Amino acid sequence: MTLENEFVVSAGVEPTWRLLLDLERVARCLPGATVEPGPDDGHLLGTMRVKLGPIAMTYKGTARLDEVDEAARTAVVAVEGKETKGQGSASARIRSTLAADSAATRVRAETQLSVTGRPAQFGRGNMQDVAAKMMADFAECLSRTLAETPVDAAPAPALDLAPAVGGVFADRLRSLLRRLLGRRS
Amino acid sequence: MTAAVAPPAGRLIGAPVARKEDLPLLTGTARFVGDVGRPGMVHAVFVRGPVAHARVGAVDIEAARAAPGVVDVVTAADLPDTLAPIPIRMFSRPGLERYLQWPLARDVVRYSGDPVAVVLAENRYAAEDAAELVDIEYEPLEPVLRADAAPADAQAATFVVEHGDVDAAFAGAATVVRRRLRVHRHAAVPLEPRGLVAELDPDTGVLTVLGAAKIPHINRRILARLLAWPEERVRLVELHVGGGFGARGEFYPEDFVVPFCAVRLGRPVSWIEDREENLRACNHSREQMHEIAIALDPDGRFLALHDRFFNDAGGYVRTHGLVVPGMTAALLPGPYRWQSYRCEVRHVLTNKTPAGTYRAPGRYEANFVRERLLDVAAAELGLDPVELRRRNLLHRRDFPYPTGTNTDGHPVVYDTGDYPLLLDKALERFDWDELRRWRTAPASAGMHRGLGLALFVEKSGIAKWEYARVELTAAGDVEVFTGSASVGQGLETALAQICADALEVPFARVTVRHGDTATVPDGMGAFGSRAATLGGSAVLIAAEALRKRIDGGEATPLTEEATFESEDMTFPYGVHVVAVEVEERTGRVGIHRYGVAYDIGRAINPLLVEGQLVGGVAQGVGGALLEELVYDDGGQLVSASFLDYLLPTAAEVPPVDVLITEDAPTPRNPLGAKGAGEGGAAAAGAALGNAVADALGVDVERLPLSPERVAALAGGTA
């Protein structure tokens with residue numbers, strides 16, 4: 001599935017771009033992730049915990065900068081993980097492109113996400129909505145991190161997506177109510 | 001229809017006798033395989049490949065083996081070297097053997113859900129936990145997800161069924177209509193998922209497998225062959241079965257692995273499928289893509305039908321071989337006269353769950369594409385859809401009628417029928433003229449009304465023969481042993497009616513026994529609407545022979561056996577009528593009226609027939625409007641729970657008006673009966689497709705007519 005996010009960082013393109021290439025800081029923004037440097041340069045090892053309603057998964061895997069296009073100010077981060085228990089896996093390619101927006105920087109992130117195993121089978125609509133929510137959180141964290149100096153070295157808290165799932169349901173309920181009420185009026 | 005208390009013997013056939021099966025079900029004494037426990041029984045959980053297509057790399061089972069409560073972990077490496085893949089039991093063809101499934105995947109997994117290992121533990125919880133510790137490396141391969149865009153080596157079989165000069169007919173036609181039409185992947189989804197308990201008796205050496213369904217004797221033969229054991233050492237036993245519908249009871253990988261593990265461990269082994277497994281591992285069905293065209297003369301007479309279709313077989317060719325596409329090609333002509341016909345079939349492997357039969361297999365699809373195209377043709381010609389069909393129906397004088405098609409090489413010859421008569425009766429019974437007025441009467445804002453009609457010919461009594469034995473005890477009780485199987489259809493009731501009438505004994509004194517290979521020497525089982533016609537005829541013949549001996553003054557106990565054989569199938573036929581109201585904004589298809597008329601020659605028990613038809617409509621409506629097995633771009637099944645796989649509920653299934661007629665009994669069995677199991681489902685997709693197209697004034701080119709798709713059709717964005 002493909003997810004698209006866009007956000008604005010209150011910093012110039014150049015510092016934003018340099019920060020974006022600091023993979024360790026970027027990877028820390030993945031919800032529920034803990035990272036450590038890998039054996040070779042630019043290759044991180046890490047785990048990521050995800051709770052999806054009644055299902056909890058821990059993925060173990062890698063993150064790396066897969067493409068860097070200096071001229072186009074576009075970078076692709078590739079994340080791959082395998083469930084530590086169970087047969088499933090998840091992989092994502094996050095393509096971020098920067099553009100100047102007055103004194104600030106607009107970041108467009110396009111994510112190709114593929115998931116196998118239990119979470120893929122658990123609720124088509126929910127999987128998509130929760131992934132979208134995760135990406136929104138990731139984008140927000142990136143925006144915050146990029147705007148902040150110095151770097152906050154603390155790992156991101158393991159994310160419990162139960163509230164996210166609840167939020168998704170609440171959003172759906174609200175929009176349903178709006179439609180129902182809209183019809184009356 | 002109200003159930004009757006059993007009338008006196010001699011008048012049971014044709015009466016709506018209450019089901020013998022209901023007492024154990026309603027009092028909770030019926031035993032299902034999940035109820036079975038044995039001392040020392042271990043619980044099996046399968047480890048299934050998570051990806052659509054991959055090479056299997058290193059398999060590490062050490063952590064799982066060491067987990068608490070684990071008794072054994074079995075992979076393909078542990079299976080006997082002499083093992084063969086699971087064979088095709090019908091509609092085979094040279095070349096298909098290359099596509100068979102092994103009980104556990106060896107080098108490659110071919111769909112998400114392909115079993116790779118099995119964990120056996122003291123309880124289900126330990127087995128589930130340990131299954132997560134099995135570590136398997138997968139090297140991904142490119143998945144094939146569309147049968148109509150598959151590489152050449154994915155084409156497991158291609159064949160053509162034809163008669164007459166189709167090309168000349170199209171060249172000389174006044175009107176040609178053609179469409180690309182698709183039926184989506186959905187499945188039987190029996191209420192009770194599959195399950196098995198296997199145990200080896202160390203004293204007799206007999207392996208008993210509880211939880212058989214549909215075809216116990218055929219599966220015993222397959223299991224014995226795969227184990228390289230004599231059949232006498234394998235016993236299959238059917239318990240109560242919570243629905244089969246063609247999918248449950250076929251020989252699957254688990255049907256070998258579970259008994260094999262029971263032998264390996266010397267302990268009883270239980271495996272109970274959960275719902276997610278059922279949706280990923282049990283046969284899917286129905287996914288076909290058609291390019292279909294018809295040629296007509298200026299009066300709307302049918303000159304030719306030309307169809308090319310892809311049948312999506314999924315990851316492997318399973319036991320059904322080419323049954324589904326074969327049935328589509330055989331019965332696509334329907335109740336009409338075609339001067340020429342050509343059907344080009346491609347049976348294509350993809351990386352999805354293997355597909356097999358589901359109630360009215362191949363015909364649900366065929367009826368949708370043919371009847372949909374007939375409505376398109378009627379609109380093109382400015383003819384009433386009823387009139388176009390009527391002009392082309394076969395007449396009573398045409399029978400027996402060879403269609404020019406065949407099933408597995410055997411010619412299809414319709415036995416009997418009066419199609420125009422049934423059409424007239426159906427339109428009258430379901431108030432067609434009144435429905436037409438309703439359709440044009442003003443509806444609420446944003447609501448669209450439409451009518452759908454579909455005619456079809458079904459087939460029943462496939463696979464030639466069935467066995468029966470009737471025993472009269474010294475006490476005057478009667479026991480009927482049948483080779484057929486009970487899948488909830490009312491087998492015991494129907495066979496007891498036939499037997500009680502023939503012997504003139506009270507219905508209550510007849511007991512029907514089935515599904516145990518130890519007490520019934522052989523049998524074919526319950527599929528293709530065959531239990532009443534073939535199984536019932538065998539019982540009738542055995543009971544009549546017994547009756548002669550009773551009348552001759554022979555002393556009890558007495559036993560008679562019979563095998564009834566019929567080379568040709570019988571062909572019931574029917575009409576579905578549906579009136580819908582479509583809500584533009586939500587895409588909801590509300591069913592205002594649903595009627596099914598079905599001529600089955602002779603109804604042994606109209607109550608059972610009505611139940612079959614109503615149940616079939618419920619499944620047909622679910623398939624047409626809601627149920628869909630959806631795969632993502634990577635080949636993950638993303639509708640593998642009831643959160644996303646939408647079964648119809650009481651809210652969606654309408655009251656169904658059923659008209660059963662007996663105008664065309666078959667000469668092909670002594671009862672005159674044709675099977676009733678599949679007519680309720682067979683044309684539901686066709687009728688609803690036509691009704692929604694009529695309501696919205698649009699082309700409906702694929703199913704399901706889910707709310708989002710209908711809303712898109714209504715809004716012109718489909």
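Before any of the text, the structure's been laid out above.
Residues numbered from 1 in each chain as written. Chains lettered and ligands numbered in written order. Predicted model: local features only at pLDDT ≥ 70, side-chain atom pairs only at ≥ 80, totals over all residues. Heavy atoms only, no water.

## What about the interface of chain A and chain B?
Then, in step 1: Between chain A and chain B, the contact holds 17 residues from the first and 26 residues from the second.
Then, in step 2: Carbon and sulfur atoms make up 44% of the surface buried where chain A meets chain B, a total of about 1,700 Å² over both sides.
Then, in step 3: Viewed at the interface, chain B and chain A are joined by two salt bridges.
Then, in step 4: One salt bridge in this structure joins aspartate 135 of chain B and lysine 82 of chain A, with 2.5 Å as the shortest N-O distance.
Then, in step 5: Counting every contact that joins chain A to chain B gives five residue pairs in polar contact (both at pLDDT 80 or more).
Then, in step 6: For the side of chain A that touches chain B, the secondary-structure elements that each account for two or more residues are β7 (104–116), α3 (118–121), α4 (124–147) and α5 (162–184) of chain A.
Then, in step 7: For the side of chain A that touches chain B, the class distribution of residues is two nonpolar, nine polar and six charged. (Contact = heavy atoms within 4.5 Å. Buried area = accessible area lost by both parts, 1.4 Å probe. Salt bridge = Lys/Arg side-chain N within 4 Å of Asp/Glu carboxyl O. Polar contact = N/O pair within 3.5 Å; in protein donor to acceptor, adjacent residues only side chain to side chain. Helix = DSSP H or I, 4+ residues; strand = E, 2+ residues; numbered from the N terminus. Nonpolar A, V, L, I, M, F, W, Y, C, P; charged D, E, K, R; others polar.)

## Regarding helix α1 (residues 13–20) of chain A
Then, in step 1: Within α1 of chain A, the full set of buried residues consists of Val13, Thr16, Trp17, Leu19 and Leu20 of chain A. Across the axial projection of α1 of chain A, the buried residues extend over an arc of 165°, all falling on one side. (Buried < 20%, exposed > 50% of the residue type's maximum accessible area, 1.4 Å probe, protein only. Arc of directions from axis to C-beta.)

## Some details on the packing of aromatic side chains
Residue and element names in this part refer to chain B.
Then, in step 1: Counted under the stated rule, the structure contains 11 aromatic pairs over all chains.
Then, in step 2: Measuring from ring centre to ring centre gives 4.7 Å for tyrosine 419 and tyrosine 573, while their planes differ by 65°; the resulting arrangement is edge-to-face. Here tyrosine 419, found in helix α11 (residues 419–429), pairs with tyrosine 573, found in strand β25 (residues 573–583); they are 154 residues apart in sequence, far enough to count as distant. We note that tyrosine 419, like tyrosine 573, is buried.
Then, in step 3: Connected via pairs of aromatic rings, a cluster forms that spans Phe302, Tyr336 and Trp338.
Then, in step 4: Directly above the ring of tryptophan 102 sits arginine 106, whose terminal nitrogen or CZ lies 3.6 Å from the centroid.
Then, in step 5: One Lys or Arg, arginine 469, reaches over the ring of phenylalanine 481 and ends 4.2 Å from the middle of that ring. (Phe/Tyr/Trp six-rings, centres within 6.5 Å; stacked < 30°, edge-to-face > 60°. Lys NZ or Arg CZ within 6 Å of the ring centre and 35° of its normal.)

## Here's the deal with the pattern of salt bridges
Residue and element names in this part refer to chain B.
Then, in step 1: All told, the structure shown has 77 salt bridges over all chains when counted by the stated rule.
Then, in step 2: Across the pair glutamate 287 and arginine 185 runs a salt bridge, and its minimum N-O distance is 2.6 Å. Within this pair, whereas glutamate 287 is found in the loop between β14 (284–285) and β15 (288–296), its partner arginine 185 is found in the loop between β8 (175–183) and β9 (186–187), the two being separated by 102 residues in sequence.
Then, in step 3: Classification of arginine 185 as buried rests on a relative accessible area of 3%.
Then, in step 4: Lysine 425 is the partner of aspartate 663 in a salt bridge, and the nearest nitrogen-oxygen pair spans 2.7 Å.

## A few points about the nonpolar core
Then, in step 1: Among the nonpolar cores identified, the biggest contains 151 residues, and Phe256, Tyr414 and Tyr594 of chain B are the most heavily contacted of them.
Then, in step 2: Residues within four places of tyrosine 414 of chain B in sequence aside, it is in contact with Leu331, Gly334, Leu394, Phe399, Pro400, Tyr401, Thr403, Tyr419, Val457, Phe571 and Arg668 of chain B.
Then, in step 3: The next biggest cluster of nonpolar side chains, apart from the first, holds 44 residues, and it includes Leu3, Trp17, Ile55 and Ile94 of chain A. (Core = buried A, V, L, I, M, F, W, Y, C linked by side-chain atoms within 4.5 Å.)

## Things to note about helix α6 (residues 253–265) of chain B
All names here are of chain B.
Then, in step 1: In this model, α6 (13 residues) spans 18 Å end to end at C-alpha, consistent with the 18 Å of a helix rising 1.5 Å per residue.
Then, in step 2: Burial within α6 is extensive, with 10 of its 13 residues counted as buried.
Then, in step 3: For α6, the set of buried residues is Pro253, Glu254, Asp255, Phe256, Val257, Val258, Pro259, Phe260, Cys261 and Ala262.
Then, in step 4: Among the residues trailing α6, glycine 266 stands out with phi positive, at a value near 65°. (Expected span 1.5 Å × (residues − 1).)

## What to know about the environment of valine 108 of chain B
Residues and elements named next belong to chain B.
Then, in step 1: Take valine 108: it is sitting in strand β4 (residues 108–109).
Then, in step 2: Accessibility expressed as a relative area gives 24% for valine 108, which makes it partly exposed.
Then, in step 3: Residues valine 108 and valine 376 lie 268 residues apart in sequence; the distance between their C-alpha atoms is 45 Å.
Then, in step 4: Residues contacting valine 108, with those up to four places away along its chain left out, are His53, Ala54, Arg55, Val56, Asp114, Leu141 and Tyr316.

## Let's talk about the sheet that holds β7 of chain A
Residue and element names in this part refer to chain A.
Then, in step 1: Reading across from one edge, β1-β7-β6-β5-β4-β3-β2 is the order of the seven strands in this open sheet, with antiparallel pairing throughout. Lying at the two open borders of the sheet, with one neighbouring strand each, are β1 (2–9) and β2 (33–37). Neighbour-to-neighbour, the strand axes of the sheet open up by a mean angle of 20°, direction not taken into account.
Then, in step 2: As judged from the eight bridges shared by β1 and β7, these two strands associate in the antiparallel manner. Bridge pairing in β7 places phenylalanine 7 opposite valine 107.
Then, in step 3: Contacting β1, β4 (55–69), β5 (74–83), β6 (89–101) and β7, α1 crosses the sheet at an angle of about 165° to β6. (Pairing = 2+ DSSP bridges. Axes fitted to C-alpha atoms, helices over the stretch in contact; angles between N-to-C directions.)

Purely geometric numbers; function is a separate question.
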